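Remarks on the overall topology
What follows is the residue order along each chain.
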Amino acid sequence: MLNLERLRTLDAVARHGSITGAAEELHVTASAVSQQLAKLERETGQRLLAKQGRGVRLTDAGRLLAAHAARILSQVALARSDLEAQRGRAIGELLLGAFPTAARGLLPAALTRLRDEHPRLSVSLEEMRPEEGVRRVDRGDLDVAVVLDWNNRPVALPSGLSKAAILDDPVDVAVPDGHPLAGRRDVDLEDFAADEWVSWPKGEFCHEWLLGTLRAQGIEPRISHMADEHHTQLALVAAGFGVVVSPRLGRGPVAEGVRMVPVRHTMCRRVFAVWRTEAGARPSVRAAVAALCEAGRTVDGAAAPADDDTDVTAVR
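Residues numbered from 1 in each chain as written. Predicted model: local features only at pLDDT ≥ 70, side-chain atom pairs only at ≥ 80, totals over all residues. Heavy atoms only, no water.

Side note on the nonpolar core
Counting residues in hydrophobic clusters, the biggest one holds 54 residues, and the most contacted among them are Leu106, Val146, Trp150, Ile166, Val245 and Leu292. At the level of elements, strand E3 (92-98), helix H5 (100-105), helix H6 (107-117), strand E5 (144-150), strand E6 (161-176), helix H8 (205-216), strand E11 (268-276) and helix H10 (283-296) are the ones that each hand at least two residues to this core. Looking at this core element by element, the count peaks at eight residues for H10. Once residues lying within four places of it in the same chain are set aside, the contact partners of Trp150 are Val171, Trp200, Phe205, Cys206, Trp209, Val245, Pro247, Cys268, Arg269 and Arg270. Listed in part, the 16 residues of the second largest apolar core include Leu7, Val33, Leu48 and Leu58. (Core = buried A, V, L, I, M, F, W, Y, C linked by side-chain atoms within 4.5 Å. Buried < 20%, exposed > 50% of the residue type's maximum accessible area, 1.4 Å probe, protein only. Helix = DSSP H or I, 4+ residues; strand = E, 2+ residues; numbered from the N terminus. Contact = heavy atoms within 4.5 Å.)

Overview of the packing of helix H2 (residues 19-26) against helix H3 (residues 30-44)
At a minimum axis separation of 8 Å, H2 and H3 run at an interaxial angle of 105°. Regarding the angle of H2 to H3, the classification is roughly perpendicular. Here Ile19, Ala22 and Ala23 of H2 lie close against H3, whose contacting residues are Ala30, Val33 and Ser34. Of the residues assigned to the contact of H2 with H3, the class counts are five nonpolar, one polar and no charged. (Axes fitted to C-alpha atoms, helices over the stretch in contact; angles between N-to-C directions. Parallel < 35°, antiparallel > 145°, perpendicular 65-115°, else oblique. Nonpolar A, V, L, I, M, F, W, Y, C, P; charged D, E, K, R; others polar.)

Re the pairing of E5
Judged by how many residues are buried, E5 sits mostly within the fold: seven of seven residues are covered. Neither face of E5 is left uncovered, since the one carrying Val144, Val146, Leu148 and Trp150 and the one carrying Ala145, Val147 and Asp149 both have all their residues buried. In the sheet, E3 pairs with E5 via three bridges, with the strands oriented parallel. Residue pairing in the sheet places Gly97 in a bridge with Ala145 of E5. As defined by bridge partners, E5 adjoins E11 across seven bridges and the pair is classed as antiparallel. Bridge assignment links Leu148 to a residue of E11, and that residue is Val271. (Pairing = 2+ DSSP bridges.)

Side note on the pairing of strand E1 (residues 49-52)
The pairing of E1 with strand E2 (residues 55-58) spans four bridges and is classified as antiparallel. If you follow Ala50 over to E2, its bridge partner there is Arg57. Counting the residues between successive antiparallel strands, the hairpin from E1 to E2 contains two residues, one of them, Gly53, with a positive phi of roughly 60°.

Some points on helix H9 (residues 230-238)
Every buried residue belonging to H9 is among His230, Gln233, Leu234 and Val237, and all of these are buried. Taken around the axis of H9, the buried residues stretch over an arc of 95°, which confines them to a single face. For H9, the secondary structure elements touched by its buried residues are H5, E6, strand E7 (196-199), strand E9 (244-247), strand E10 (258-262) and E11. Gly240 sits one or two residues past H9 and shows a positive phi near 85°. (Arc of directions from axis to C-beta.)

Examining unusual backbone geometry
With a phi angle near 60°, His27 is a residue other than glycine that sits in the positive phi range. Of note, His27 is situated in the loop between H2 and H3.

Details of the packing of aromatic side chains
Under the definition given, this model contains two aromatic pairs. Measuring from centroid to centroid gives 6.1 Å for Phe192 and Trp197, while their planes differ by 70°, and the two rings are edge-to-face. A relative accessible area of 1% means that Trp197 is categorised as buried. In this structure, Lys163 packs its charged tip against the face of Phe272, placed 4.9 Å from the ring centre. (Phe/Tyr/Trp six-rings, centres within 6.5 Å; stacked < 30°, edge-to-face > 60°. Lys NZ or Arg CZ within 6 Å of the ring centre and 35° of its normal.)

Some thoughts on the confidence of the model for the chain
When pLDDT is averaged across the chain, the result is 88; 95% of the residues are at 70 or more. With pLDDT under 50 throughout, residues 311-316 is counted as low confidence; its partners more than four residues away or in other chains account for 13 contacts. (pLDDT = per-residue confidence, 0-100.)

A short note on the environment of Thr59
Tracing the sequence through the fold places Thr59 in the loop between E2 and helix H4 (60-87). Given the relative accessible area of 12%, Thr59 is considered buried. Each C-alpha atom, one on Thr59 and one on Ala239, is 57 Å from the other, the two residues being 180 residues apart in sequence. For Thr59, the contacting residues outside a window of four places in its chain are Arg47, Leu48, Leu49 and Ala50.

Next comes the structure, spelled out in structure tokens:
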């Protein structure tokens, strides 16, 4: 009989195209991946991998078995969902992922609600970037992810995923106390055409959003510094090294020397939960989405989603 965990390992190698990539996804060593595949080859009596340069490739038999493995793993996930739905209670284990400011500003309340209302449900939170959360939900090793896009730059999710709107997160522009616009009641982004900007790192969705948004206003932004953490960004602003777009979710106390000025034309990050559609019947997934949506309604400074496309069947 084929071992399910070894099939999972083969599936990961097939999707990543490397043993190293599979090991990172499965949180094991490359040696452990190689051992699992060697055992699978002995089980099947077929050679599944062949060396290719410094890496590996799947043989014809490997590709055939990997295709079956993907279908088997999908069916196992569906069986788990059906069994849990039949049981009708949110119990067992659930893995949540969330981007950093959501993990700080949203998840404590959601986790508290889940703990109080579903004491037999064991929930684990892992902080990650939104794009990683979507990938991991899509490939089935994360149950629910809290991710984001922007109201002027929506993200298309892979087919097979469902989503529920949690909140709209308004943004301000953070400026040094001595900035000429620090005393304004509100601003437009084009008011900062001559300023230097602090941004997220290159390649991140929010960095690309900032560039695209400013360029749409005819501004070629001067990015002077890049930092991943909001607190680091605000420290740079306080020191006079630029201005930054600052979402409100999870922001915490504003650093001394920084003034927050609201954007005149409401601009916001849209925060939502995603899960595999086939897992939507699981009581634990439904409970998690409901807790996240309820927590979103209590976040200071947040707004109700303007485009609420929540899948109501998932949060009843």
